[in-house]
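Architecture and fold: a report
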Amino acid sequence: MRVKRGEMYAFLGPNGAGKTTTVRVLSTLTGFDEGSVVIDGHNIVEEPREAKAAIGVIQQHISLDKDLTVWENMMSHALYQQMPKEDRRKRIDQLSEYIGLGEYYNYKVDSLSGGWKKRVAIVCALVHSPKLLFLDEPTVGLDIQARRGLWDLLRKLNDDGMTIFLTTHYIEEAESLCNRVSFIEKGKIIAEGTPEELAHRIGAATVEYFGPDHKTQYKYFQTRAEADGFAKTLDETYTVTVRRTNLEDAFVEMTGNKIGDNGFMLGQSGKGGSGMKKMGGM
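Treat the numbers as computed from the prediction; the structure is a model and nothing was measured. (Residues numbered from 1 in each chain as written. Predicted model: local features only at pLDDT ≥ 70, side-chain atom pairs only at ≥ 80, totals over all residues. Heavy atoms only, no water.)

Bringing the domain arrangement of the protein into the picture now. Under the domain assignment, the protein is made up of domain 1 (6-192) and domain 2 (196-257). On a C-alpha basis, the centres of domain 1 and domain 2 stand 36 Å from each other. Between domain 1 and domain 2, the buried area comes to about 990 Å², and carbon and sulfur atoms account for 72% of it. Considering only the surface of domain 1 that becomes buried against domain 2, Ile-171, Glu-175 and Phe-183 emerge as the three largest contributors, covering 49% of it. On inspection of domain 1 and its partner domain 2, the count reaches zero salt bridges. Those elements that provide at least two residues to the side of domain 1 that touches domain 2 are helix 7 (171-177), strand 7 (180-185) and strand 8 (188-193). When the residues that make up the side of domain 1 that touches domain 2 are grouped by side-chain class, the tally is eight nonpolar, one polar and three charged. (Domains from an automatic or database assignment. Buried area = accessible area lost by both parts, 1.4 Å probe. Salt bridge = Lys/Arg side-chain N within 4 Å of Asp/Glu carboxyl O. Helix = DSSP H or I, 4+ residues; strand = E, 2+ residues; numbered from the N terminus. Nonpolar A, V, L, I, M, F, W, Y, C, P; charged D, E, K, R; others polar.)

Let us look at the pairing of strand 8. Here strand 7 runs beside strand 8; their pairing, made up of five bridges, is antiparallel. Across the sheet, residue Ile-184 finds its bridge partner in strand 8, namely Ile-189. (Pairing = 2+ DSSP bridges.)

Next up, the structure:
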């Protein structure tokens, strides 16, 4: 597996597929059995300090001190990173203005909404100017407005050159945000490509039809003309939609996991737990 500089890359899969385990391995929080991991040219076993300096990590459960203010949390992380005194405030102010946190400096973290806590966590993860940002299930537990706000922020960070690696079980999140996507199942990548490439592997056009058996069925075609031709063979007892094939179609077809299987897309937190091996360079 390789993630290119400057891209936004997603691991997409049901709970228990190995998404969280992968992030923990890549970010040096969990060991691995064989193979190698290279971050920004640094092997994480042979050069752990250099590799860690290149990454920022935001885990599923936000690890902020709820008894401290926003400012105190951000300053604590700057101190953890051993940043020079003259650089700390400048960097925190710069990131806070970028994200819109300045007016919340004196708020206790525990008083903030989930979306704003996530923004504080992002500043803490970025305070040392990492080249690569890991986000594990970044929008779990956020409402729709907060999710969209975070999407906009991630796009802005990526547009400014940040490489972003995220795990998610929200299909629309990966499809909307990411340059490339991997489907992971039982600890293994089973497919990888752009959202469009993955969708087109099963067909460019989809016929979605609901009939007398009260089941929605899907049939995929390489051209819209073929899809239209099939749709015309269905009688008036069917409700028929002809549309572009999307990433959700590809995931269901390639993995056999339907919506809701194993907690997929239900907003539950992934547990990880897969035995990861042979992690490639990044």
